[in-house]
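Coordinates in review
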Amino acid sequence: MLAEKYKEELPVLTDVKCQPSVSIIMPFEPKMNSKAAIKHSLKIAADKINRQLHANYAKDIADELSEKLKNVIGHLDFRTHKKSIAIYVSPAVEKVFYLDVNVREKVMVNTSFEIRDIVLNKKTEREFLLLVISGKKEKIYVGNENKLKLIVSNQIVHINRDLPEPVANFTNAATIKEIKLKKFLHYIDTGLPQILKYYPLPLFIMAPKKTMGYFENITKHHKNIIGFVHGNFDDATENELLKALEPELKNWDIARRNYLVSRINIAQDDLKLASGIHNVWLQANRRHKQLLIVEKDFYCPAFVTEKGETIFSNGNKENELIANDAVDEIIEKVLENGGDVEFVDELKDYNRIALIENTNG
């Protein structure tokens, strides 16, 4: 149980509050990068910490902490498939986090360590899906503001060949063309769930205005769509597509926040959502990937009553403190279990914190 774990760790963490601590957050991924290159980066980080420790603390304290850090680095698991690593060492605590998130490198010498530092040092690329539709074809790209990668390409003639013809006998060519287009759009929308499962990213749509109108009426994925760009992009290059997306990407922070709220709403519809500190605390120990979305300035202590009930408030003399900040403990557990964490400015509709279960499913 989370409460038992933190009850054991809390005295150790609080006793060394005034002692120096060091931490390293950096990319790892030993299955993709050479062991020698990773060890070289770690040595540079450790040497930097060693210099800072000896410049600011007594020699015996600096020597002890430097040696502990060296020992932790020497016992890292290079068999892991994780993308990044976070190391925390103090006179009383040694912790290593192997994470499934991309991070920017950061080295710190301080008197405390907050798990939020890992989240704040994530690489936040503006990744998205782009669906380009015309009267002739569909293309789906995954990419960011600098590049696009084509992952799906279908032509209407190939799709309509396998679809049943209209029941009525239409002589109006324009009517037949419109029916075939709508059938094609249905086909596109039916395929989106599989794409969104493997690429859980915000979705932009590019299409001529009339086609866009048809698709908006047909699609069941409004909650995944964060922007529309009108126009005929049939023969557009990838650079031209990115250029057309620039106005949307300028408002990325708003689009990202709206997308995260949409993820919450979808999870709620699918009964895969826990919201509020109490419910999220209970669910955070699940051993599968989760997505935690939390107000960036939300902190909350946790206490246990005499009856063994966990409460989240200021507590009183009868209640025992088990976590100075339950939010940090939840963040740590989600990251340890291969999940991800996102901060937003405000999440009051969900009591400031929400956990989406099983993000792979």
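Residues numbered from 1 in each chain as written. Predicted model: local features only at pLDDT ≥ 70, side-chain atom pairs only at ≥ 80, totals over all residues. Heavy atoms only, no water.

What about the packing of helix α2 (residues 35–56) against helix α3 (residues 59–74)?
To be explicit about the condition: Think of each axis as a best-fit line through the C-alpha atoms, taken over the contacting stretch in the case of a helix, with angles from 0 to 180 degrees between the N-to-C directions. In this text, helices come from DSSP runs of H or I with a minimum length of four residues, and strands from runs of E with a minimum of two, each type numbered from the N-terminal end. We call two directions roughly parallel when the angle between them is under 35 degrees, roughly antiparallel when it is over 145, roughly perpendicular when it lies between 65 and 115, and oblique otherwise. If you view the pair so one helix is near and one far, a crossing is left-handed when the near helix is turned anticlockwise from the far one by less than a right angle, and right-handed when it is turned clockwise. Any two residues whose heavy atoms approach within 4.5 Å at even a single point are treated as in contact. Residue classes follow a fixed rule: Ala, Val, Leu, Ile, Met, Phe, Trp, Tyr, Cys and Pro count as nonpolar, while Asp, Glu, Lys and Arg count as charged, and any other residue, Gly among them, counts as polar.
The geometry of α2 relative to α3 is characterised by a closest axis approach of 9 Å and an angle of 165° between their N-to-C directions. Regarding the angle of α2 to α3, the classification is roughly antiparallel. Seen along the crossing, α2 lies across α3 with a hand that is right-handed. For the pair formed by α2 and α3, the contact residues are Leu42, Ala46, Ile49, Asn50, Leu53 and His54 on the first element and Lys59, Ala62, Asp63, Leu65, Ser66, Leu69 and Ile73 on the second. When grouped by side-chain class, the residues that make up the contact of α2 with α3 number 8 nonpolar, 3 polar and 2 charged.

Digging into the nonpolar core
What counts is decided by this rule: What we call a nonpolar core is a set of buried Ala, Val, Leu, Ile, Met, Phe, Trp, Tyr and Cys residues that are connected through their side-chain atoms within 4.5 Å. Think of it in three bands: with a 1.4 Å probe and only protein chains considered, a residue is buried below 20% of the maximum accessible area for its type, exposed above 50%, and partly exposed in between.
Grouped together as the largest cluster of nonpolar side chains are 37 residues, with contacts concentrated most on Ile118, Ile277, Leu292, Ile330, Ile331 and Ile353. What Ile353 contacts, discounting residues up to four positions off in sequence, is Ala274, Ser275, Gly276, Ile277, Val280, Leu292, Ile293, Val294, Phe298, Val327, Ile330 and Leu347.

Comments concerning the sheet that holds strand β12 (residues 302–304)
Defined as follows: At least two DSSP bridges between two strands are needed for those strands to be called paired.
Overall, antiparallel pairing links the 3 strands, which are arranged β13-β12-β14 in an open sheet. Unpaired on one side and paired on the other, β13 (310–311) and β14 (320–323) mark the two borders of the sheet. Across 2 bridges, the pairing between β12 and β13 is antiparallel. Looking at β13, one finds that Val304 is bridged to Thr310.

Topic: the pairing of strand β15 (residues 340–344)
With 4 of its 5 residues buried, β15 lies for the most part within the structure. Examined bridge by bridge, strand β11 (residues 291–295) and β15 share 5 bridges and lie parallel to one another. Paired with Val294 across the two strands is Phe343, which belongs to β15.

Topic: the environment of Tyr199
With respect to the helices, strands and loops of the structure, Tyr199 is situated in the loop between α6 (173–198) and β8 (203–207). We classify Tyr199 as partly exposed; its relative accessible area is 28%. Along the sequence, Tyr199 and Phe128 sit 71 residues apart, while their C-alpha atoms lie 8.4 Å from each other.

Description of helix α11 (residues 326–336)
To be explicit about the condition: For this analysis, a polar contact is any N or O atom pair within 3.5 Å, provided that within protein one partner can donate a hydrogen and the other can accept it, and provided that sequence-adjacent residues contribute only side-chain to side-chain pairs.
Within α11, 10 of the 11 residues are buried, leaving the element largely enclosed by the surrounding structure. At the N-terminal end of α11, a side-chain oxygen is found 3.1 Å from the backbone nitrogen of Val327, two or three residues along, and the residue is Asp325. Gly338 sits one or two positions beyond α11 and adopts a positive phi of about 85°.

Overview of the environment of Phe298
Along the chain, the position of Phe298 falls in the loop between β11 and β12. What makes Phe298 buried here is its relative accessible area of 7%. Residues Phe298 and Ile277 lie 21 residues apart in sequence; the distance between their C-alpha atoms is 10.0 Å. Excluding its chain neighbours within four sequence positions, the residues that come into contact with Phe298 are Arg116, Ile277, Val327, Asn351, Arg352 and Ile353.

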